Amino acid sequence: MSMLTLVNGLVLKGLNLNPVRENVLIANGKILEIGSNIKEGEIIDAENCIISPTFLNGHTHIGDSIIMDEGDSLSLSEMVQPPNGIKHKALHDADPEDIINNMRVSMVDMLLSGTTHFIDYREGGIEGVKLLKKAAKDIPINPIILGRDSSFYGENPDMALVKKHLRKILKIADGIGLSGFGEINSEVADLITSQCAKKNKISSIHTAESQSANNKSIDITGLSEIERAIDLKFDQVVHCTQASNEDIKKIKDSNTNLVLAPRANACLNIGIPPIKQILNEGISPFIGSDNLMLNSPNIMRDLEFSLKLTRAYYREYFNPVDFLKMATTNITKLMLTNKTLYDNIGKSVIGTGNDAQLMITKQFSKNPYLSIINRCETQNILYVMNKDKIIDYSN
C-alpha cells in the first residue's frame, strides 16, 4: 500500500470509537498520523463518510456454507451436534473441492460486508484445517482457525489418539474450538486447554447454548457448563445463552472471553443470551454469525438484530456503540493476554502506530454507530483496508 491520506471523514477513533473529524495518514499498512491538517500521498476523499475499524466475526462455522438454509425445522442437536448432526454428515459426504468453493464464496461475502478477520470452528481434524487454509490462500481476509477432531469425542476416548491428533492440529491451527461438554470428557478438555496454553494457542468451547445441555451438566457434575469451562481455563466460551447471573459474574472474574451469537440462537429457538447482565458487569464480548447454514456472514445483520432484540426484550435503551464494539475494538482486550490473536489480528483500533484495518462507509445519519448498524448495506461500503491491502468498492 503506497502512502495515502483519508480526508474529511468522521473517524471512529480509539477503543471507545470516539467520533472525530480528522484525516488519517497511512503507509506500509500502518497508521502514521491522525490529525486535521494532514495531506500526503494519494488522497481518498471520505467526505460524508465514516472511517471505522473493519469487523471481526467472532464465531463462524464456514464449512456449513455447503448446506445453507437446510434443516430449518430441526432441533439444535439434530442440526449441529457431532458426529450425527446434518452438517457433520454433509461435511463427511461432500467433495473437498465443493467445501473449498463454498467457503470461498462466504469469505468474499464477508469482505464485501466489511469483515477482514473471522474466528472459525473448523470440523474435520487436520484435513479440515487444511481445507480452510487452501480456500483462504488468495483472499485478503484473515481466518483464525480453531480445529477439532472426532477422536476427542466420547466418554472413554483413546487418549493416545487424542494426543496425537491434538499435536498435529496445533502445529497448523490457531487453537482448538470444541462443540461442547456433551461430546467430550473432562480429561480431554483439560489436556486441550493445557496444551493450548503451553503453545500459546486459543482454547474455546460452546457453553450453555441449550437449557437441556446445561441442566445435564449441573445434574452430573454439580457445575454449569460455564463454570466447568472457567475451571478448566478455556480462553473463550461461546453462546452462554442460558447463563445465570452467577455464571456471568464468574466470567467477569476470570480471564475467559465471551462470544455471543444471538441471531443463531434465535434461528434455533433456544432464547437469547443475558446481554443486559453481561454489559452491566463490564464484560466486553465479541459477536459472531455462528453456523453459516443458518445465517449469512454479514456481521452488520448480527449487530442490528442483537441491538433491537435486546431493546425489545428488556424494554429499555441500550447504546449502539456497545454493540459496534463487539465486532471491532473489544478484540483488543483479549489480545493483551493472547499472543495468537495479536499475531493474527493486530490492534483493531484506529490509532497512531496501529495496523490499517479500517473501512470507509457512507454516512446516513448524525449518529455514526446507528448509521453503520441500522442503515449501512454492503453496497454502501466504499473501501476496505486490511493492513497492507486496500479493496476499492467505490466504482
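Just so it is clear, the structure is predicted and the values come from calculations on it, not from any experiment.

Visitor: I keep staring at the sheet that holds strand 17 (residues 357-362) and nothing clicks. Help me out?
Guide: Pairing between the strands of a sheet comes from backbone hydrogen bonds, and it takes one of two forms, parallel or antiparallel. The strand order across the open sheet built from 6 strands is 3-2-7-17-18-19, with neighbouring strands paired in mixed fashion. Two strands bound the open sheet, and with one partner strand each, they are strand 3 (18-21) and strand 19 (389-392). Recorded for the sheet is a direction-independent mean angle of 20° between the axes of neighbouring strands. The pairing of strand 7 (residues 49-53) with strand 17 spans 5 bridges and is antiparallel. Paired with S52 across the bridge in strand 17 is M359.

Visitor: Any chance you could explain the pattern of salt bridges here in plain terms?
Guide: Any two side chains of opposite charge can pair, given that their charged atoms come close. One pass over the full model with this rule turns up 13 salt bridges. In this structure, the salt-bridge partner of K13 is E22, at a minimum N-O distance of 3.4 Å. Exposure remark for K13: the relative accessible area of 30% places this residue in the partly exposed category. Here K130 and E127 are joined by a salt bridge, their closest N and O atoms 3.9 Å apart. With K130 and E127 both in helix 4 (residues 125-135) and 3 residues apart, this pair spans about one turn of that helix.

Visitor: Explanation requested: helix 9 (residues 245-252) in the structure shown.
Guide: The periodicity of an α-helix, 3.6 residues per turn, causes residues three or four places apart in sequence to face the same way. Of all the positions in helix 9, only D247, I248 and I251 are classed as buried. Angularly, the buried residues of helix 9 cover 100° about the axis, an arc narrow enough to put them on a single face. In this structure, the buried side of helix 9 is in contact with helix 8 (225-231), strand 13 (236-239), strand 14 (257-260) and helix 11 (275-280).

Visitor: Looking at this model, I keep getting lost on the nonpolar core. Mind explaining?
Guide: Most often, soluble globular proteins keep nonpolar side chains buried together rather than apart. Membership of the largest hydrophobic core comes to 76 residues, with the highest contact counts inside it found for F55, M107, F152, I176, I251 and L324. Tallying contributions element by element places helix 3 (residues 96-112) first for this core, with 6 residues. In this structure, L6, I26, C49 and M385 belong to the second largest nonpolar core, which totals 18 residues.

Visitor: It is not clear to me how the sheet that holds strand 10 (residues 142-147) should be interpreted in this structure. Could you clarify?
Guide: Strand order in the open sheet made by the 9 strands is 15-14-13-12-11-10-9-8-16, with parallel pairing throughout. For this open sheet the edge positions go to strand 15 (286-287) and strand 16 (290-291), each flanked by a neighbour on one side alone. Where strand 12 (residues 202-207) meets strand 13, 4 bridges bridge the pair, whose relative direction is parallel. Note that in strand 13 the partner of T207 across the bridge is H239. Across the face of the sheet, helix 4 comes into contact with strand 9 (115-122) and strand 10 while running at roughly 165° to strand 9.

Visitor: Help me understand empty space enclosed by the protein in this model?
Guide: Under the defined criterion, the tally for this structure stands at 1 cavity of 30 Å³ or more. By volume, the largest cavity is sized at about 40 Å³. Around the largest cavity, the lining comprises 10 residues; the ones closest to its centre are T54, F55, L56, H117 and S348. Among the elements of the structure, strand 8 (55-61) and strand 9 are those that each provide at least two residues to the lining of the largest cavity. A per-class count over the lining of the largest cavity returns 4 nonpolar, 6 polar and no charged.

Basis of the calculations
- Residues numbered from 1 in each chain as written.
- Predicted model: local features only at pLDDT ≥ 70, side-chain atom pairs only at ≥ 80, totals over all residues.
- Heavy atoms only, no water.
- Pairing = 2+ DSSP bridges.
- Helix = DSSP H or I, 4+ residues; strand = E, 2+ residues; numbered from the N terminus.
- Axes fitted to C-alpha atoms, helices over the stretch in contact; angles between N-to-C directions.
- Salt bridge = Lys/Arg side-chain N within 4 Å of Asp/Glu carboxyl O.
- Buried < 20%, exposed > 50% of the residue type's maximum accessible area, 1.4 Å probe, protein only.
- Arc of directions from axis to C-beta.
- Contact = heavy atoms within 4.5 Å.
- Core = buried A, V, L, I, M, F, W, Y, C linked by side-chain atoms within 4.5 Å.
- 1 Å grid on protein atoms, 1.4 Å probe; cavity = no way out; pocket = protein on both sides within 12 Å on 5 of 7 lines; lining within 4 Å.
- Points joined across faces, edges and corners; volume = space filled by probe spheres on them.
- Nonpolar A, V, L, I, M, F, W, Y, C, P; charged D, E, K, R; others polar.

Remember that the coordinates give geometry; whether it matters functionally is a separate question.
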